[in-house]
Every structure is written in structure tokens, then in C-alpha cells.
Amino acid sequence: MSPLRHKLLRDIRTQRAQFTAVIVTIFLGVTMFAASYDSYQNLSTSYESTFTEFRFANLTVAGGDVTGFADTAAGRSGVESIELRTVADVPMQVGGLKLLGRVVGLPAETQPSVNQVRVASGRYLSSAQPTGVLVEEHMADHFELTPGSSFEILGPSGWQTVTTSGTASSPEYIWPARDRQELLTTPDNFGVAFVPEPLARQLAGTSTPNEAIVYFSGGADNEALANLLLTEAADSGATVSFTRDEQPSNAALSEDLKGFEELAVFFPMLFLTAAALATYVMISRLVHAQQPHIGVLLANGFTRRQVLAHYLGYGVVPGLVGALPGAVAGVLMARIITGFYTSMLSVPVTLVQFYPATLVAGVAFGLITSVLAVIAPARSASRLAPAEAMRGTVPAGGGRPSIPERIAPPLRRLPIPWRMALRGIERNPRRTVFTVLGVVLSLTLVLVSWGMLDTIVNLMDRQFVEIQQEDATVYFTGPVESGDVADLGQLPGIAEAEPVLQAPVVLTSGERYETALVVYETDTTMHRFFGEDGERSLPTEGILVGQAVGGLLDIAEGDVVALTAAGATIEVPIAGFVNEPLGTMAYVSRSYLEQATGFDLPATSALIRYTEGSDLASVRAALVERESVAAFEDANALYDTVQRYMILFYVFVGVMLVFGGAMAFALIFSAMSVNIAERTREVATLLAVGTERRQISRMITAENMMVALVGIPLGLGAGYLAAKQAMASFNSDLFAFDLYIRPSTLVISGLAILVVALLSQWPGLRAIGRLEIAKIVKERSL
Amino acid sequence: MAVSLTNVWKTYGEGPTAVHALAGIDADIPSGDFTVILGPSGSGKTTLLNLIGGIDDVTSGDLVVEDEKLTGLGTDERTAFRRNQVGFVFQFFNLIPTLTATENVELVANLTMHDGSERAIEVLKQVGLGDRLDHFPAMLSGGEQQRVAIARALAKSPPVLLCDEPTGELDFETGRLILGLLRRLNREQGQTVLLVTHNAAIGEMADRVVRLRSGEIVEDRRIADPIEAGELIW
Ligand SMILES: Nc1ncnc2c1ncn2[C@@H]1O[C@H](COP(=O)(O)OP(=O)(O)OP(=O)(O)O)[C@@H](O)[C@H]1O
Ligand SMILES: [Mg+2]
């Protein structure tokens, strides 16, 4: 090995703490990139192949004259297949539990040409078994339904027993969403059974199908065709129509996947940027310290290119050492993540592939990052004038007092170590700037993930504690008179019951927006409404809509929109906007809507408040016993489910937080230890003139901590902005993720940085304690 | 002529704050001469050496070293010149602390030969460090470090050896040892040696003494009968 290579490796070994920090950062950045990017790829190919294999509908149209719509659509070029089917939300009873499930009609014997299912156990439907059904996997898992087990479904003629002939997963229900307004369901309250079409019609009480599903040629996206068909669907009186992208399950998955993709780019970028900056700082300092050696090399006839290559090596080595295992670890992690994810959901096809490109890209990113980071210092090394390089550099600022001392002269009476610290900060702008940068980066890394966690926790809290006030929801088998709801309040264990009517509506104001209209009592105590200006009550006139709708329909308070439901349209003013994290609904008061429509409106569900100390099981039993009750949903159970859906997010962001924390530690540690290592000569000189080691330690610590303090407000600001950026990428009309960082998070992360900075002093100061002045002073080679 | 300077000026800075480190130097130094350059601090000694070594540029004038005209030389040619024609010994030894004695020398030897490690050991033996080959700089005494630095300068067998205060950091005994070594190499291998010092006594061992003051040559004298380094006293 050549001496220069020896020098490279030994320099790295000498500064192993800093290099390890950088290598770990690169490793983490690359791991994260490979893991999230491969997971993203695995998931999207899994979905894609699920969609083509099971002929997932490009367009779904429900309500109105679907048969007429299907006839016209069948003639359109680009349409490969159309199926007509019956879908109905009906009460089901499994064991003692009632839920508001859904039956989806399928042709017996053969799979449909659109929206096929994957039979996971048992057999597909058979005409020999008119009451044999396929249970969707989420429901089957929850209720432990296996081929042969039976349960009941409520039809117009009463409860009807059906038998599970098999369990199935479907591209429509990978994510078990009821509709776009109810993306999050609990298996206690939502389950899907695929039943023979005749049974579906019988249960729905119709003689004609109510849904048309369209598959485009090759299943390919065709926006023009979709738009044409959507217009035709609207003309045929469709109440609900959506493209594949808008399909509830797929929309939820896309959100999720989009999140993955964002994270797959955002976090690794953040980490690699941090790694690059840490490398840059470290190598700049190294080059600075080695100026005399560079002078010797150049004076002896080393070419500038040789010097450049040598210092680029300080980037290549940690880059490779971090990126190679990082890419491998990431690819392996992606397998685990994909498996975990697809098993949490019911993805019919799970494709875990090896993507060599990810591996190559991961290594390339790591390597490029670290090489880019050292290009500037390596170039400056190669461009040094040899004569001057050997002379060394003059500190900035000369011998004057520091700026703070000049601004506030009383500072000049500080004890010497503090004054020296103040001056040191100014005389070494390079060291100061680099340290501040380290603190800023560290805080950014920590705050981005912590901010995301805070935001989600806060969002859950807002939705389930601040906004939703009910203890449980009772769903009725059909519309009931609102007066009947009051009866529920008489049941033991129930303090209050309020009627609610929820119906799909279309809001039109130029653009169309399909959503759900929720009708509450005018003085409801079950739901609180928060607008821009804080809490408000339900308006006595007009409707409240989610903020996102305002943007989508380009409407403002006071504007009048057309509200279409059940074929009738009325004009209603927008009374205001509400800011709710989940879902984008429209709200209206019962008295206003009754007055506006001239009808007495029924209720489709009731919101319940328990009496103090009531027994949940007996309340549930008393309620589901009633004929009119289709399902009962405990608010806490829903909250738990939501938390369970969030687990992937929590795990991911939690891991990011740990990674970020580790990197923050690495950054601060390397900044601090270089700060101390750089001063070995200075310290040796101070020791030589008789300064106490303790005093030197105190002076260095004071200087470092002061610089860290300067960095903290900057870092908090930068972290806040970065977190806002990260969160904003998740917003859509379905979810509103406004960044919320708890003040305590800011305080704790700031303090944590200070503590880490303080702890990071220790190894360096210990080295000072052991410093052999004689050796340093003798080593004029430094 | 090993080195030939014609009206060489070196000016740092511009306008009123300009410093004329060298102000019109004329000198010819024949091959094989052992020249001592004397002068008080700030007189331009290091500057002169740096110019001759090609690590700094003249402001005006002509400078020819080993038949190579340094003024107007391109970067690559200048690097090649440094590589092939000169060896430097610095006042601060500037050894690389993470390389052993052998490696410090080999580093430079490799510039002119395929595998410099044998050459490195050979020159280290020449300077009497055969038993310190694998020591790191911090494990060597000041004199030993300076001898490594000399070995490093000699490794390429340069025709011109430039020594800037090679004994400035050393005690009297060690200083004499180093000077004796340099003189011996000069005699045995015919190298042209330019040695900078502010210690006038050292001039007595040289073939020639050049004295600088404020960037000008104030004395240029041949020593008829130089004494041995071991006989020097200061
Ligand atoms: N980079 C520079 N910028 C400005 N002035 C410089 C620079 N380098 C040297 N000088 C000035 O040039 C003059 C000559 O410097 P030089 O280093 O050659 O002196 P010297 O004779 O080697 O002194 P010493 O014996 O103290 O080493 C000095 O006055 C010095 O201040
Ligand atoms: Mg000098």
C-alpha cells in the first residue's frame, strides 16, 4: 500500500469517532432509502398486479339507471367489459354481534369479468348453493369464519342464514373502507360478503342491479374515456361514481403509498444531507489542520490532482463503508416491511422482488453524497499555495474583545475562561459556523419525525376527543323516525341518544363534489364544530363543509351551492367551514334542513352517551337486541382500530425518530470532538504555561455550549419548517394534516441537544486530561 | 550553474502596504556549492528559498535552476521541476504524524521511482536512522525528526537541496550532527546545498556565504578554507 493510502486510513482511524458518526449517518440514510423505496416498489407492483390479475374496475357507477348506463357504455371504444351487480349495505349478525355489513353480488359458478376475487380458502360461489357466500378476509379473520360456518343477513323478509363457502380477498377491499367518507372502519361494524347475485338482489329488496362496474381495455388508465362515462353516469342519475383512483380502498392505499414514496425520498434526502454536511465539516477541518502537510506534498512535487484524489478518498471510504451495507440492509428491511404490510391488509397478490437498481442507487447515493461533500475541501487542498500552506493561517479578528463584549462592556468583567470562550467563538468563524450547522441539522432531523408524530397524535385527539363527543354510535337497519331515537335514551346505561341522518350527497358549484351530508340536532352535544375562528355551533341556516371542499369547489362563506340527494336538489348557503382532520363531510341542522326541504327527516343512526359507570357489554346487548338496530359501534373501539391502522405510520416515524436522534447525536458528537481535537496544540500550550486543566476544560466547554445555544433557536426554526414541508405532502381532501408540534417537544429536543453537546465534551476533555504536553510540543509535525 | 538569479524581486501585497521581501537579487550558484544564506529575521531568506524551490513565484526578474527557467513555467512543468530538481528540508519538520519514518520518506521517493520503500530505507540508513525505521514522528527526538526530514528531501536524489533553518529547532550537539550530515552528502554526492540560517557561525563551514538584509544582498563571500561541521562553535 502506498504511504498516502496509509495516511488516509490512519487519519480515519485517528478520527474514528467522527468518521464512525459520518459512516453511521450514511448507512442510515442509504438503509432508509433502500428500505422505503423498495417497500414502495414492492407494494405498488403488488397492487398493480392485483389490479390487472383481478380486473379491478376502472370505473364504478351506482344509483340511477345503471342498466341504461351500461348499455351505452358497452358501445364505447376502450371499454373492455362491464358488469352489472347489486351492492347493498345490510345488517349482519355473527354470533351475538350485529354489524352493518355489505353484500356484493357475484355471478355464481364463474368469476365476473370485472372485480374478481381471490378465493383464499374454501370454494367460489356455486349455483347449487344459493345461500353459500364468500366472506371477505378482514371479516373472516375477525369473526373467525371458515368454510362451513354460518351467519345471518337481514333482508326485507327478515334475518336469513347464509353459509360461508369460502373466504376471499378483493382488489376493492384491500383497505376495508365503506366509502370515501368512511375510510376507517372497524371489523365490528363493517364486513363484506360476496353473495350470488340473486341473493344480493333479494337482500337489497330490488329486482334490478344498482351498480355498474367498467373495465377499460387492458385495465389501462384512460382519462378521456373515464370523463365521458362519468358525464353519462351523472346524466343517468348516478348518485355515486368514481374512477379507480377514487375508489375508496384504492384511494386510501394510494394515500398510504404516496406517503411511502414521499418518505422514501424525503427522509433519506434529509439524512444524506446531514451526512454530507457532517462530512464536509469534518474534512474541511481536516484539510485545514493538515495544511502544512499539503504544503510539503506540493513542495515535493506532488501534483494537484494527486492531492485532490487523496482528499477525495476521505469521502469515498466512509461513503462506501456506509452505503454498501446500508443498501443491503435496506433491501432486506424492505422485505420485512412489505410482508408486514401486506399481511396487515389483505393484498391478494404480494410481490416481493429484488430490485438491483435500488441496491445500485443506494450505494450511488451514499457515495455521491460523501464525495460531493468532500469535493470543496479537497479542491481547496489541491489549490493551496505551498509556500503559504506551510506558513499556517492567522486567526480572524486579531486581539480585539469580542462583539458581545464590545456591545455590552460589563461582559468584560466575566471570569477569564468565559471571556476567552466569547473571543474564541469569534476568532474561529469556521468552527463556530460548523458547530451551529451541526446543531441546526440535528434539531431538524429530530423535529421532522417528532413533529409528524405530534401532528398525528394531536389529530387523533382532535377527532376523537375534541370533535366527536359520543360514546357510541347505533346504526339502524333502515330510516327510523327521529322520535324513536329518544326511546334509546331510556335504556339502562344510556344517558342520552341523539338522532343523526347521514346520506350521500353531491355538492355542485361549477365543480361537483361527492360527500356525505350529516344531519345533527340543531343544539347537538355529540359533535363540536371548529372553524378558522375557533368553536362554533351548527348554523340555523345553511351548511358547514370541510375546509378542503371550499378549495375544491372554489366557494366562500355565503355562497350558495346546489345540494343533490336522493334525486332532489335544493339550494343551500354555505354558512362556514370546519377544520376536521378526518373526512370532508357537510353538516346541517335538522330543523333547517326540514324547513328547507319541507319534509320530516328520519334518522339513520343515533349517537349515544353512556351514564357514568355503565357496563358496555350490557348496553351493547340491550341495543343490538332491538329489531331496528343494525349495528353498534363503541367510540373507543373505533379509536383503537384507527390507532391500529396508524401503527405502520407510528413504527415508521418512530424508527425515523430513533434514526434522527442517533444521527443528531453523531453530528453533535463529531462537531464537539473535532472542536476539542482541533485545539490540541492550543491546549498543550496553555498547559505548558501553567493553566489548570480544569480551567481549560471549563473554557472549552463554555465556548462549545455557547455556540450550541446559538444554534438551538435556528435549529428549532429550521426543524419546524422542514416538518411542515414533510406534513404538507400528505394533505388531500380526505386528510388534513396541519403540522402541530407540542411546545414540550421543542423544549425537550432543545434541551436534549444541549445535554448531548455537554456529554460529547467528555471524551475530548478526558483526552485533554491525559494530554502529554511534552509529546505535543515535540511533535512539530502537527 | 545550479542556480542563477537576475534582478529578482518578490513583493507581497500592493500599494502602500506592499512588502518587498526581495529587492533585486543577483547571484549565481555553481553546482556542488554549499552555500549558507544568512540574515536577520524578515530579511527574505525563506522567500528566496521558496522561489528557488519553485513553490512561490517571482514578482519580476529571471530565475534559472538546473537549466530550467522558472519564470513563466506552467503548473505541470513546475510540479515536475519540484519533483525532479529540488529537495526541501524545513525548519518545522512537517512530517506527517500518521506515517512512520520509512513511510514519510517513501511517500516522496515514490514520486520518482516505482517502489520507493527500499530507497527510503537506504537514505534513512544514510542519515543514521537504520534502527528507527518504523517509528512514528511522535516517537522520535527532534534531531531524529529532522534527520527523517533530510532523508525525505534526499530520497529523490535531487541535484539541489534547500534547507530552511534545519537546525533552528535543535540543540547545539544535534545541530552540528545534522550540519555534518548535510556537508558529507554534499561532498559525497555533489549536491548543491543552499542552507538558510540566522546563525552567522554556521557560515564558517560553507563554501560561500550570502548575507541578506531587507531583501537585498549585503555580502557575498567565498570561504577559502571551510572548517568541518564538528568544529563549529556557537
Ligand atoms: N505571505 C506574505 N504576505 C505578506 N508579507 C509576507 C508574506 N510572506 C513573507 N512576508 C514578508 O516578507 C518578508 C520576508 O519574509 P521571510 O519569511 O522570507 O523572512 P525570513 O528571512 O525567512 O525570516 P525568519 O528568519 O524570521 O524566518 C518579511 O518581512 C515578511 O513579513
Ligand atoms: Mg524564514
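The preceding data block contains the structure.
Keep in mind that what you see is a predicted model, and the values were worked out from it rather than measured. Positions within a chain are numbered from 1, following the residues in the order the chain's sequence is written. Following the order in which they are written, the chains are lettered starting with A and the ligands numbered starting with 1. Note on the predicted model: pLDDT of at least 70 is required for a residue's local features to be given, and 80 or more for side-chain atom pairs to be given and counted; whole-chain, interface and lining totals, by contrast, use all residues. Each side-chain value is derived from all of the structure's non-hydrogen atoms; neither hydrogens nor water enter the calculation.

### Here we look at the interface of chain A and chain B
- Contacts: residue pairs with any heavy atoms within 4.5 Å of one another. Between chain A and chain B, the contact holds 28 residues from the first and 34 residues from the second.
- Approximately 2,800 Å² of surface area, both sides summed, lies buried where chain A meets chain B, with 60% of it carried by carbon and sulfur atoms.
- Any Lys or Arg side-chain nitrogen located within 4 Å of an Asp or Glu carboxyl oxygen qualifies as a salt bridge. The interface formed by chain A and chain B contains one salt bridge.
- Taking the shortest distance from any N to any O, the salt bridge between Arg-10 of chain A and Glu-103 of chain B comes out at 2.4 Å.
- Side-chain atoms alone can form a polar contact between residues adjacent in sequence; in general such a contact is a pair of N or O atoms within 3.5 Å, and within protein one must be able to donate a hydrogen while the other accepts it. The tally of links from chain A across to chain B stands at nine residue pairs in polar contact (both at pLDDT 80 or more).
- For the side of chain A that touches chain B, the leading source of residues is helix α1 (residues 3-14) of chain A, giving seven residues. Buried area: the accessible surface (1.4 Å probe) lost by two parts on joining, summed over both. By definition, any uninterrupted DSSP run of H or I lasting at least four residues is a helix, any uninterrupted run of E lasting at least two residues is a strand, and each is numbered from the N terminus.

### Some remarks on helix α1 (residues 45-52) of chain B
Residues and elements named next belong to chain B.
- Relative accessibility thresholds used throughout: buried, under 20% of the residue-type maximum; exposed, over 50%; partly exposed, between the two (1.4 Å probe, protein chains only). Most of α1 sits out of view: seven of its eight residues are buried.
- All of the buried residues in α1 are Lys-45, Thr-47, Leu-48, Leu-49, Asn-50, Leu-51 and Ile-52.
- In the segment just after α1, Gly-54 is the residue with positive phi, at about 75 degrees.

### Comments concerning the side chain of Thr-369 of chain A
All names here are of chain A.
- Residue position: Thr-369 is located in helix α10 (residues 356-382).
- In this structure Thr-369 comes out as buried when scored by relative accessible area, which is 12%.
- A polar atom in the side chain of Thr-369 sits 2.5 Å from the backbone oxygen of Phe-365.
- Sequence-distant contacts of Thr-369, defined by excluding residues within four places in its chain, comprise Leu-272, Ala-276 and Ala-364.

### Quick look at the sheet that holds strand β9 (residues 208-213) of chain B
All names here are of chain B.
- Here the rule is simple: two strands pair whenever DSSP picks up at least two bridges between them. Here six strands make up an open sheet; going across it, the order is β6-β7-β8-β3-β9-β10 and the pairing mixed. Two strands close off the open sheet at either side, each with one partner strand: β6 (86-89) and β10 (216-222). Mean inter-strand twist for the sheet, computed between neighbouring axes without regard to direction, equals 15 degrees.
- The pairing of β6 with strand β7 (residues 160-164) spans four bridges and is parallel. Across the sheet, residue Gly-87 finds its bridge partner in β7, namely Leu-161.
- Relative to β6, helix α5 (residues 142-154) is tilted by about 170 degrees, and along the sheet it contacts β6 and β7. Here, axes are lines fitted to C-alpha atoms. For helices the fit covers the stretch in contact, and angles between N-to-C directions go from 0 to 180 degrees.

### Topic: the pattern of salt bridges
Residue and element names in this part refer to chain A.
- By the definition in use, this model includes 29 salt bridges over all chains.
- Here Glu-521 and Arg-590 are joined by a salt bridge, their closest N and O atoms 3.0 Å apart. Taken together, the residues Glu-521 in the loop between β14 (511-520) and β15 (529-531) and Arg-590 in helix α17 (residues 590-597) connect sequence positions 69 residues apart.
- What makes Arg-590 buried here is its relative accessible area of 6%.
- Overlapping salt bridges bring together Arg-85, Glu-172 and Glu-211 as one network.

### Topic: the nonpolar core
- Judged by nonpolar contacts, the single largest core of 87 residues is most densely connected at Tyr-47, Trp-175, Phe-267, Phe-271, Tyr-311, Leu-345 and Met-452 of chain A.
- Per-element accounting of this core gives the leading share, 16 residues, to helix α7 (residues 248-289) of chain A.
- Residue ranges for the domains originate in an automatic or database domain assignment. When residues of this core are sorted by domain, at least three fall in each of domain 1 (1-56 + 247-393) and domain 2 (87-207) of chain A.
- Residues within four places of Tyr-311 of chain A in sequence aside, it is in contact with Lys-7, Leu-286, Val-287, Gln-290, Ile-294, Val-374, Ala-378 and Ala-381 of chain A.
- As used here, the term nonpolar core means buried Ala, Val, Leu, Ile, Met, Phe, Trp, Tyr and Cys residues forming a set that is joined through side-chain atoms within 4.5 Å. Ile-150, Ala-155, Leu-170 and Val-209 of chain B belong to the second-largest nonpolar core, a separate cluster that totals 40 residues.

### What about the pairing of strand β3 (residues 34-38) of chain B?
Residue and element names in this part refer to chain B.
- Taken across its five residues, β3 has five buried, putting it largely inside the fold.
- The alternating pattern of β3 places Phe-34, Val-36 and Leu-38 and Thr-35 and Ile-37 on opposite faces, both of which are buried.
- Sheet topology note: the β3/strand β8 (residues 192-196) ladder contains four bridges and is parallel. Within β8, the position partnered with Phe-34 by the bridge is Val-193.
- Relative to β9, β3 runs parallel, the two sharing four bridges. Along β9, the bridge assignment pairs Val-36 with Val-209.

### Some thoughts on the packing of aromatic side chains
Residue and element names in this part refer to chain A.
- Between the rings of Phe, Tyr and Trp (Trp by its six-membered ring), a pair exists once the centres lie within 6.5 Å; its type follows the angle of the planes, with under 30 degrees stacked, over 60 edge-to-face, and the other angles tilted. For the structure on display, the rule yields 15 aromatic pairs over all chains.
- A centroid spacing of 6.5 Å and a plane angle of 15 degrees characterise the contact between Tyr-47 and Phe-51, whose relative ring orientation is stacked. Of the two residues, Tyr-47 and Phe-51 are both situated in helix α2 (residues 16-53); the distance of four residues between them amounts to about one turn of the helix. No difference in accessibility class separates Tyr-47 from Phe-51, as the two residues are buried.
- Their ring planes at 50 degrees and their centres at 6.3 Å tell us that Tyr-173 and Phe-190 sit as a pair that is tilted. One end of the pair, Tyr-173, is in the loop between β8 (158-169) and β9 (192-196); the other, Phe-190, is in the loop between β8 and β9, and 17 residues separate them in sequence.

Read these as geometric descriptors, not functional statements.
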